[in-house]
Amino acid sequence: MNGGLLVAGTTSDAGKSVVTAGICRWLVRQGVKVAPFKAQNMSLNSFVTREGAEIGRAQAMQAQACRVEPTVQMNPVLLKPGGEQSSQVVLMGRPVGELSARGYHGGRQRQLLGTVLDCLAELRGTYDAVICEGAGSPAEINLRRTDIVNMGIARGARLPVLVVGDIDRGGVFASFFGTVALLSPEDQELVAGFLVNKFRGDVSLLEPGLDMLHGLTGRRTYGVLPFRHGLGIDEEDGLRISLRGTVRESATAPPVGEDVLRVAVCAVPLMSNFTDVDALAAEPGVVVRFVDRPEELADADLVVVPGTRGTVRALEWLRERGLAGALARRAAEGRPVLGICGGYQLLGERIEDEVESRRGRVTGLGLLPVRVRFAREKTLTRPVGEALGEHVEGYEIHHGVADVMGGDAFISDGEGHGLDGCRVGQVWGTHWHGSLESDGFRRAFLREVAAAAGRRFVPAADTSFAALREEQLDRLGDLIEQHADTDALWRLIESGAPQGLPFIPPGAPA
């Protein structure tokens, strides 16, 4: 078998990432050797592979759904927005520069088509099937000429296309029809059909519309997936916590101790890897919320300052909002604050940045004795260490190099030597993303936070973040297996789009 499929969507956030993961998990449970692929990803949530390459977290999650180690070939182009007008371009896991949207779509993007097709071909030569994820909508006619992630990759690799629509938003029939009708005849012949996502209610009431859609387009619907809470794992962007829904809606996961623990996450601009707090939200009795006002920190037992693609900009935002003063008061009162990556950097004394903001020397919040210098070479590693007597693993993605001038080491090499981060009182900072996914360390950290906050909170002894993630992925696989026509989906992946699909006018403009 040398199968493939492109999962496209009528819009951004239609459910492409989770549907792709669900198809991957369904296939691997059938004994198929499968891999995910996304030619071009735009996201501030990224991950580091074993070989030290940066890729989108969504593709790392999809690789886990496939039960394989993520590689750079699964996401050869990653765009990391740095503002409204420009993004850092990460090619084959390494940053190669900043480009405006006009500069990227004006020529650079098309030059990358050969690279992404080579990566896809390499994966298809290694795996039985490759399930590709598109971006946005394939009917973005203003960008079709330079497209390398939707119909550009489908045409280049002759992939059948399944279009996902979010019916919870409304207008799904018009979106399906319009998506096909705005494609060229050559693109349309690869669009095999549709998948309805997030349906609430009686499917029999939907069926007349699906029959009419088939009559209008000649294309079938491969399944209707019901709405399920808490399935948005490792989203590309937005403020969704992947496991929060599962924990909050579970009637079997009350606090273990007498109190809940309240966590406030500062919603800094250009927030990156907000998935770091997923592991906190997975703990029974931990309530996580994003905040942007100082009064919202008042009742928080722990404040997290997360990673950001704009450390200096986030620092200014904290001061403008009055959050900087609130953080300083917390530190003076011995109330817990945790800074992660960019959040750690801005807690320090000063920042010298000629790379990201190009603002030169900037005064930090001064809550940690740390001085940060931005290097042009990005640190991309998967370190291992020990903290609070527990094993810790994480991953680093940053330009800032921290010079720790005092305080206590946060994470060590297991022999007492400082490895990363700094702690002064109840202010903690680390460059390590993902460290809270280490169960023993997370429990030890939360015990310290609870003691400092005076809360009678007890971490659950048996919460396994890895097991919860596996359960989520299995739920996605179950959705596909139970609510999609898997026989027809298998034929599509194995044999390609059906022959003789009709052209739907007017097609793409010349």
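Residues numbered from 1 in each chain as written. Predicted model: local features only at pLDDT ≥ 70, side-chain atom pairs only at ≥ 80, totals over all residues. Heavy atoms only, no water.

What to know about helix α14 (residues 439-453)
Logical step 1: In a regular helix each residue adds 1.5 Å, so 15 residues correspond to 21 Å; α14 covers 21 Å between its end C-alpha atoms and thus fits that length.
Logical step 2: Restricting attention to buried positions, one finds in α14 the residues Asp 439, Phe 441, Arg 442, Arg 443, Ala 444, Phe 445, Leu 446, Val 449 and Ala 450.
Logical step 3: Following α14 by one or two positions, Gly 454 adopts a phi angle in the positive range, close to 70°. (Helix = DSSP H or I, 4+ residues; strand = E, 2+ residues; numbered from the N terminus. Expected span 1.5 Å × (residues − 1). Buried < 20%, exposed > 50% of the residue type's maximum accessible area, 1.4 Å probe, protein only.)

Quick notes on the environment of Ala 58
Logical step 1: Of note, Ala 58 is situated in helix α2 (residues 57-65).
Logical step 2: Overall, Ala 58 belongs to the buried group, its relative accessible area being 3%.
Logical step 3: In this structure, the C-alpha to C-alpha distance between Ala 58 and Asn 45, residues 13 residues apart in sequence, is 8.0 Å.

Focus: the pairing of strand β11 (residues 191-199)
A regular strand places its side chains on the two faces of the sheet in alternate fashion.
Logical step 1: A large share of β11 lies buried, amounting to 9 of its 9 residues.
Logical step 2: With 6 bridges joining them, strand β10 (residues 161-166) and β11 adopt parallel strand pairing. Bridged to Asp 166 within β11 is Asn 197.
Logical step 3: Each parallel crossover has a hand, and the one from β11 via helix α8 (residues 203-217) to strand β12 (residues 220-226) is right-handed. (Pairing = 2+ DSSP bridges. Right-handed = clockwise from strand over helix to strand, strands pointing away.)

Observations regarding the state of the cysteines
Logical step 1: Under the definition given, this model contains 0 disulfides.
Logical step 2: Its sulfur unpaired, Cys 132 is 9.3 Å from the next cysteine sulfur, which belongs to Cys 24.
Logical step 3: Residue classification places Cys 132 among the buried positions, given a relative accessible area of 1%. (Disulfide = S-S within 2.5 Å.)

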